[in-house]
Amino acid sequence: EPLYRKARSAQGEKLFESATMLRMHYLGSVAWVAAGSPSLGMYYRRYTKELMEILALGKVLLDLTDTQTFSLDMRFVLPLAVVGLNYRHRALRQECIKILAPMYRREAIWDASMMGRIMQFQAEIEEEGLGDEEEYVPEDGMSTIVHLKVDEELRTVFITCSVGIRGHPGESVLKETELVW
C-alpha cells in the first residue's frame, strides 16, 4: 500500500505502472485463491469491491501499455479472466469481454481474444432468461467448462460446458460451441 500511494505522487511517477500492475496481480491472486474455496458460499458474491478494482486497474494499464501483441509475462489478461470466469458478476464480466474479445494479444499462454470469447459463451449460456435485477449469475445456473480442445491446425477451440438448470439443484445440461480464431 505505501508503494502504491507513493507511485501516485509526482516523485513516484516512474513507479506507477509497476505499482499498478503489482496491485492488480495481488488482488487477482487473492480473488483466484478465494475461488478455490470448498463451497461457493465462502467466496461468491463477497469480493465485488476487489473485482471492480481489478477491472479499473486493468483499464489504467491498458492506457499505459504499448501495442505489442505478445509478452512472456502476464500483465492484465489473467487477472481479468479471474474476474470474468470465476466470479460471474454480470456487468464486470461484460466489461472484461469488451476489453479482451477484440484484443490481439498473447501473454505467456493466455490469448486475450480467445479468453474474451470463452467468457462471452459462458455469459450467453448462464445469463439466458435472467432479468436485469440479478447482479451475479445465480449459483444454480452457473456453468463449468468440462472439455476444451484446441485444434491449432484448424485454428478452432471446441468447448463443452455443463450448465446448471435453475430451480433444479444438482441437475445440468451440456452446451457446446466452436470458436474460430
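Quantities reported herein were computed from a predicted structural model and do not represent experimental measurements.

1. Thoughts on the pattern of salt bridges
Under the defined criterion, the tally for this structure stands at eight salt bridges. Of the charged contacts in the structure, one is a salt bridge between Lys 59 and Glu 95, with a shortest N-O distance of 2.3 Å. Of this pair, Lys 59 sits in helix H3 (residues 48-64) while Glu 95 sits in helix H5 (residues 90-100), placing them 36 residues apart in sequence. You can call Lys 59 partly exposed: its relative accessible area is 38%. A salt bridge links Arg 88 to Glu 126; the shortest N-O distance between them is 2.8 Å. Placement of the pair is Arg 88 in the loop between helix H4 (77-87) and H5 and Glu 126 in helix H6 (residues 112-126), with a sequence separation of 38 residues. Judged by relative accessible area, Glu 126 falls into the buried class, the value being 0%.

2. With respect to the pairing of strand E5 (residues 156-164)
A large share of E5 lies buried, amounting to eight of its nine residues. Counted between consecutive antiparallel strands, the loop separating strand E4 (residues 143-151) from E5 contains four residues, among which Arg 155 sits at a positive phi close to 55°. Note that E5 and strand E6 (residues 172-180) share nine bridges and pair antiparallel. Bridging from a neighbouring strand, Thr 156 pairs with Val 180 of E6.

About the thresholds
Residues numbered from 1 in each chain as written. Predicted model: local features only at pLDDT ≥ 70, side-chain atom pairs only at ≥ 80, totals over all residues. Heavy atoms only, no water. Salt bridge = Lys/Arg side-chain N within 4 Å of Asp/Glu carboxyl O. Helix = DSSP H or I, 4+ residues; strand = E, 2+ residues; numbered from the N terminus. Buried < 20%, exposed > 50% of the residue type's maximum accessible area, 1.4 Å probe, protein only. Pairing = 2+ DSSP bridges.

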